[in-house]
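# Survey of secondary and tertiary structure
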Amino acid sequence: KIVINLSPADLRKEGTAYDLPIAVGILAASGQASSEALTDTLIMGELSLDGSLMPIRGALSIAIMARKQGLKRLLIPPSNAGEAGIVRDIEVYAPKNLRQAVRFLGGQEPLERVFIDARALFREMPPQSLDMSEVKGQVHVKRALEIAAAGGHNILLIGPPGAGKTMMTRRLPTILPPLTLEEALETTRIHSVAGLLRDHIGLVTQRPFRAPHHTISDIALVGGGAYPMPGEISLAHNGVLFLDELPEFKRQVLEVLRQPLEEHQIVIARARFRVEYPARFMLVAAMNPCPCGYYTHPTRACTCPPGAVQRYTARISGPLLDRIDLHIAVTPVEPHALAESPSRETSQDIRVRIEKARQRQAYRFGDIPSVYTNAQMPPKVVEEFCRLDDKSRHLLENAMHRLQLSARAYDRILKVARTIADLADSEEIRAEHVAEALNYRTLDRGTWGL
């Protein structure tokens with residue numbers, strides 16, 4: 001009879017990663033393995049019936065924790081060696097089976113240390129299969145996506161079926177700035193915990209693009225469950241969360257977006273545990289303007305009854321709409337534009353402008369914690385960096401009155417105008433920047449849906 005004590009008892013333990021350390025502990029306690037090497041070594045891994053090691057979840061987080069604890073070595077399954085080997089200042093080894101692990105700990109069989117050069121992984125990134133140059137027409141929509149990417153703004157595309165909303169959205173990651181090493185590590189940790197890393201893939205080097213179906217549950221979107229796991233919101237960390245057919249999502253599912261959009265993290269609290277997952281992402285949503293889809297179509301007539309348009313858009317609550325900076329009306333591309341040659345401006349050309357605008361923001365917000373882009377500015381910071389001259393202020397006040405814009409649109413317009421000014425390499429927000437920003441508040445206009 002063997003009694004195994006997993007101390008401390010009040011800390012919940014679950015999963016198969018304890019198979020290997022329990023087996024090694026039994027062998028060491030019975031004198032079949034050396035116990036001297038266990039003092040400064042962390043061992044994690046799942047054992048199959050033949051003694052071979054199977055992959056586990058969260059290997060990168062485990063390696064980072066081991067380094068913080070001052071441990072010198074980490075034994076991990078070979079499939080997880082790529083992600084754990086990124087961590088510096090700790091020796092990572094990947095035995096193939098239990099026998100090899102025991103012999104290595106006893107000094108009877110050497111193992112090669114796993115070392116992964118993270119910067120080399122960035123250099124080996126595969127080329128993008130999508131590109132903005134493939135989008136024909138839709139110049140104003142591509143401009144809006146450029147502004148959203150430059151300032152980290154959430155964006156809503158409204159248009160009839162076939163207008164190209166999904167096509168353009170799927171190309172948004174190609175114009176976003178590349179991940180920094182710190183962002184890549186954060187993103188990899190989340191995907192590792194969720195078990196989404198492919199074998200021997202050590203680092204997520206491209207920004208995530210998550211597009212859940214509108215039938216998704218609130219737990220699948222936020223995360224949690226009996227065994228807490230990150231949801232789609234956290235899996236989109238440092239990337240894009242795309243919600244197509246936004247009004248078709250359940251109301252309670254949409255409402256859970258409000259907290260992460262504001263605080264950039266998800267807190268899952270249950271009776272027996274509390275988990276925090278990061279959730280800093282760009283929300284990109286698309287919707288038809290009405291139930292039949294053709295309210296804004298230039299040639300096809302809308303067949304919806306009176307009031308249907310307002311009821312349809314009312315499925316999106318005011319507090320959620322308040323957190324979306326740009327509302328863009330998308331119309332179908334004219335047939336003659338479809339026959340034209342692709343645009344010469346590639347995603348790389350657009351990304352160069354976006355990176356310059358992001359650099360201006362990094363310099364501007366360097367001393368302000370938790371503010372990295374214009375979209376994240378709190379009201380006090382907006383007052384400091386979004387000051388208007390008399391001409392711009394008069395234009396904005398006039399537009400607020402004539403277009404019947406809501407009060408919540410005011411700050412959003414200022415933030416978007418600040419981003420437009422950054423793209424124009426301008427320190428001051430001028431009247432033309434405000435005028436362009438005013439065009440991106442479609443759903444705030446009092447005449448929408450009437």
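Cut-offs applied
- Residues numbered from 1 in each chain as written.
- Predicted model: local features only at pLDDT ≥ 70, side-chain atom pairs only at ≥ 80, totals over all residues.
- Heavy atoms only, no water.
- Helix = DSSP H or I, 4+ residues; strand = E, 2+ residues; numbered from the N terminus.
- Contact = heavy atoms within 4.5 Å.
- Areas by Shrake-Rupley, 256 points an atom, 1.4 Å probe, with all protein chains shown as cover.
- Lys, Arg positive; Asp, Glu negative; His and termini not counted.
- Charge placed at Lys NZ, Arg CZ, Asp CG, Glu CD.
- Buried < 20%, exposed > 50% of the residue type's maximum accessible area, 1.4 Å probe, protein only.
- Pairing = 2+ DSSP bridges.
- Axes fitted to C-alpha atoms, helices over the stretch in contact; angles between N-to-C directions.
- Phe/Tyr/Trp six-rings, centres within 6.5 Å; stacked < 30°, edge-to-face > 60°.
- 1 Å grid on protein atoms, 1.4 Å probe; cavity = no way out; pocket = protein on both sides within 12 Å on 5 of 7 lines; lining within 4 Å.
- Points joined across faces, edges and corners; volume = space filled by probe spheres on them.
- Nonpolar A, V, L, I, M, F, W, Y, C, P; charged D, E, K, R; others polar.
- Salt bridge = Lys/Arg side-chain N within 4 Å of Asp/Glu carboxyl O.
- Polar contact = N/O pair within 3.5 Å; in protein donor to acceptor, adjacent residues only side chain to side chain.

## Observations regarding the overall build of the protein chain
Helix and strand content of the protein chain: 20 helices and 14 strands. Taking contacts inside the protein chain between residues at least 6 apart in sequence as the whole, the part at least 24 apart equals 71%. Of the roughly 22500 Å² of accessible surface on the protein chain, a fraction of 51% belongs to carbon and sulfur atoms. Of the charged side chains in the protein chain, 55 are positive and 51 negative, and the gap between their average positions amounts to 3 Å.

## Remarks on unusual backbone geometry
Look at the link from Ser 7 to Pro 8: it is a cis peptide, with omega at 0°. With respect to the helices and strands, the residue Pro 8 is situated in the segment before α1 (19–29). Its identity is not glycine, yet Asp 89 carries a phi of approximately 65°, on the positive side. You can see Asp 89 is positioned in the loop between α3 (81–84) and β5 (91–93). On the basis of relative accessibility, which here comes to 68%, the residue Asp 89 falls in the exposed class. One non-glycine residue, Asn 238, adopts positive backbone phi at about 65°.

## Focus on the sheet that holds strand β1 (residues 41–43)
Read from one edge to the other, the open sheet built from 3 strands follows the order β1-β4-β5, with strand pairing classed as parallel. Two strands in the sheet have a free side with no partner beyond their single neighbour: β1 and β5. Strand-to-strand twist of the sheet, defined as the mean angle between neighbouring strand axes without regard to direction, takes the value 20°. Set on the sheet, helix α4 (residues 98–105) makes contact with β1, β4 (73–75) and β5; between it and β4 the angle comes to about 160°.

## Some remarks on the packing of aromatic side chains
According to the stated counting rule, one finds 3 aromatic pairs in the structure shown. Taking the centre distance of 4.7 Å and the plane angle of 45° together, the rings of Tyr 93 and Phe 104 count as tilted. Of this pair, Tyr 93 sits in strand β5 while Phe 104 sits in helix α4, and the two are 11 residues apart along the sequence. The two residues Tyr 93 and Phe 104 agree in class, both being buried.

## Quick look at the pairing of strand β10 (residues 240–243)
Neither face of β10 is open: one carries Val 240 and Phe 242, the other Leu 241 and Leu 243, and all of them are buried. Pairing analysis gives 2 bridges linking strand β7 (residues 209–210) to β10, with the strands arranged parallel. From the neighbouring strand, Arg 210 faces β10, where its bridge partner is Leu 241. Both β10 and strand β13 (residues 282–287) contribute to a ladder of 4 bridges, which runs parallel. Bridging across to β13, Leu 241 finds its partner in Leu 283.

## Considering the layout of surface pockets
Estimated volume of the largest pocket: approximately 1900 Å³. In this structure, the largest pocket is lined by 47 residues; those nearest its centre are Arg 12, Glu 14, Tyr 18, Met 44 and Ile 62. Elements that contribute at least two residues to the lining of the largest pocket include exactly α1, β1, α2 (59–68), α8 (181–193), β9 (229–230) and β12 (274–278). The residue makeup of the lining of the largest pocket, split by class, is 28 nonpolar, 8 polar and 11 charged.

## Side note on the pattern of salt bridges
The tally for this structure, following the rule as stated, stands at 23 salt bridges. Between Glu 109 and Arg 103 there is a salt bridge, with its nearest N and O atoms 3.3 Å apart. Owing to a relative accessible area of 25%, Glu 109 belongs among the partly exposed residues under this scheme. Across the pair Asp 322 and Arg 412 runs a salt bridge, and its minimum N-O distance is 3.9 Å. Of the two residues, Asp 322 is situated in the loop between α14 (318–321) and β14 (326–329) and Arg 412 in helix α19 (residues 409–423); the sequence distance between them amounts to 90 residues. A residue is classified by how much of its surface remains accessible, and Asp 322, at 22% relative accessible area, is partly exposed. Residues participating in the shared-partner salt-bridge network are Arg 360, Arg 364, Arg 418, Asp 422, Asp 425 and Glu 427.

## Things to note about α2
In an α-helix, one turn spans 3.6 residues, which is why side chains three or four residues apart end up on the same side. Residues of α2 that are buried include every one of Ala 59, Leu 60, Ile 62, Ala 63, Ile 64 and Ala 66, and no others. Its buried side turned inward, α2 meets β1, β4, α3 and α8. Gly 70 sits one or two positions beyond α2 and adopts a positive phi of about 80°.

## Side note on the side chain of Arg 323
If you trace the backbone, Arg 323 turns up in the loop between α14 and β14. Judged by its relative accessible area of 16%, Arg 323 is buried. One polar contact links the side chain of Arg 323 to the main-chain carbonyl oxygen of Arg 258, over a distance of 3.4 Å. When near neighbours in sequence (up to four residues on either side) are disregarded, Arg 323 contacts Asn 154, Arg 258, Leu 261, Glu 262 and Arg 412.

## Here we look at the sheet that holds strand β6 (residues 155–158)
Taken in spatial order, the 5 strands of this open sheet run β7-β10-β13-β6-β14, and their pairing is parallel. With partners counted over all chains shown, the strands left at the sheet margins are β7 and β14, one partner each. Across the sheet, helix α6 (residues 139–151) touches β6, β13 and β14, and the angle it forms with β14 is around 165°.

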